[in-house]
Amino acid sequence: MGRSPRRRRAMAAAPSDPGKNPRGVLPGDRIFASLAPYITFADHLRLRIVCRAWRFFSRRLGRRPPPFPWLMLPEPASASQSAPAPANVRRQFYDIPGGRPYAYDVPGEGYHRCVASSACGWLVFVSVDAPRRLVLANPVAGARLVLSWPFKEKNAEGRFHAALTSSPADRRACFLVLATDRLVAYCRPGQQDQGWLTLRAPGFRYDPAASDIVTVGAMVYLVDGRRKVWRADLVDPEPKVERRNTACQLPFGESSMRHYLVESLRHVHLVLADEHNARVALFRLDWDKKMWMQDRVRGDRVLLLGRGCSASVPAASGRPPGMLLFAHQPSLSLVDVGGCGAGLAWFWAESWVDDGSDDMLVLKKKMHHRQGEFTAGDSFWFFPAIDPDERAMVASQA
């Protein structure tokens, strides 16, 4: 079947070599730049698949993430247990407000496992076997970046936290940070010629559930199971790790609890939760007073919690301010808590902390799926984004 005249004209609008345009600005750039503030991220994805020309202009403009992120679901269960693990798998990314999934290729868990996501559309993977390496992947844009492994200690291979401060396209602001026992390693992915740098963090103890990492700009914070805090400013010419023996008055006993660090409105918060997310407490860091102050979610915000993917976002999709959403990550559990009834498993849980409630929890809900559809892997909050072409800045300002 032949293409319609309209489709042929649209495809012809995309030059085979965009670099031949001496001014770097095409008519379609201005059209897409003027429409960009009025279309949703889902609309942007639909425009990219209309034709080659529309995909070209969409790539030039890029797209910032939507206000409410997606959830990267666990890897689909393999139909054959004897089949070799694929190097790449097509995982589902669930748009919670939109109520629909998207599918994109990411490194398969047989070779790489996800350890973190960023608020700029990139995921961090680490190789399962030797030689050790790190892979940064943007599933929506189809971009990947391979980095070397920074640690020599063998005990650090599976015992570390990771954080990515921004997109690797931002060569100055992007840092990849890895933290393990008493060590912090960091690099600029956009400037790989500089290599890895390491800082000593005396006393820091890694724990898969009771320690965590968060970044506020270029400032990185660590917390361990004793609620002690370490921080370092990575843009400092000679960064050093500072430590605070912060006090914390727990509203319930010293039972086994998960620790989540999350930044909200430029403040560092600590969320403590039990295995079932039935008991939750929220604290705000006061660095100068060396205290974790009991607090609440401030502003019109919702907290998304998960190892390597915690974030604060505007309240949306009917979820009230102050709600906490926990991504299901069974790798952090010491006991099997995946079931919520016979044959049921879940992707995320919703909780609401109320300052006036003795139990701290007034709402709890789990989103289920049928067991067997997915593996028992972890889910991650994911902010879909597409880095713009450098020449798109000219078009957006024209």
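Refer to the structure above for everything that follows.
So, here is what we can say about the structure in this document. Note that this is a predicted model, so its numbers are computed, not measured. (Residues numbered from 1 in each chain as written. Predicted model: local features only at pLDDT ≥ 70, side-chain atom pairs only at ≥ 80, totals over all residues. Heavy atoms only, no water.)

## Topic: the nonpolar core
Counting 32 residues, the largest nonpolar core has Phe93, Leu123, Leu325 and Trp381 as its most contacted members. Once residues lying within four places of it in the same chain are set aside, the contact partners of Leu123 are Met72, Phe93, Val106, Cys114, Ala116, Ser117, Val135, Leu136, Ala137, Pro139 and Phe382. Counting 22 residues, the second largest nonpolar core, distinct from the first, contains Leu134, Phe160, Ala162 and Leu164. (Core = buried A, V, L, I, M, F, W, Y, C linked by side-chain atoms within 4.5 Å. Buried < 20%, exposed > 50% of the residue type's maximum accessible area, 1.4 Å probe, protein only. Contact = heavy atoms within 4.5 Å.)

## A look at the layout of surface pockets
Of the pockets and cavities examined, the second largest pocket occupies roughly 410 Å³. If you trace the second largest pocket, you find 21 residues lining it, with Arg113, Cys114, Val115, Ser331 and Asp378 closest to the centre. Counting only elements with at least two residues in the lining of the second largest pocket, the list comes to β4 (112-117), β8 (161-164) and β12 (212-216). Looking at the lining of the second largest pocket, its residues break down into 9 nonpolar, 6 polar and 6 charged. (1 Å grid on protein atoms, 1.4 Å probe; cavity = no way out; pocket = protein on both sides within 12 Å on 5 of 7 lines; lining within 4 Å. Points joined across faces, edges and corners; volume = space filled by probe spheres on them. Helix = DSSP H or I, 4+ residues; strand = E, 2+ residues; numbered from the N terminus. Nonpolar A, V, L, I, M, F, W, Y, C, P; charged D, E, K, R; others polar.)

## A short note on the side chain of Ser166
Note that Ser166 resides in the loop between β8 and β9 (176-180). Engagement of the side chain of Ser166 in a polar contact is seen with the backbone oxygen of Ala173, the distance being 3.5 Å. A polar contact of 3.3 Å, which involves the side chain of Ser166, links it to the backbone nitrogen of Cys174. (Polar contact = N/O pair within 3.5 Å; in protein donor to acceptor, adjacent residues only side chain to side chain.)

## Some remarks on the sheet that holds β12
In spatial order, the strands read β12-β13-β14-β15; together these 4 strands make up an open sheet with antiparallel pairing. For this open sheet the edge positions go to β12 and β15 (242-244), each flanked by a neighbour on one side alone. Geometrically, the sheet is characterised by an average inter-axis angle of 20 degrees between neighbouring strands, direction not taken into account. In this structure, strand β13 (residues 219-223) lies alongside strand β14 (residues 229-233), joined through 5 bridges in antiparallel fashion. What sits directly across from Val220, in β14, is Ala232. (Pairing = 2+ DSSP bridges. Axes fitted to C-alpha atoms, helices over the stretch in contact; angles between N-to-C directions.)

## Focus: the pairing of β12
Most of β12 is tucked away: 5 of the 5 residues are buried. Residues of β12 alternate between two faces, with Asp212, Val214 and Val216 on one and Ile213 and Thr215 on the opposite face, all of them buried. In the sheet, β12 pairs with β13 via 5 bridges, with the strands oriented antiparallel. Bridge pairing links Val214 to Tyr221 in β13. Where β12 folds back on β13, the antiparallel hairpin that results is connected by 2 residues, among which Gly217 adopts a positive phi of roughly 65 degrees.

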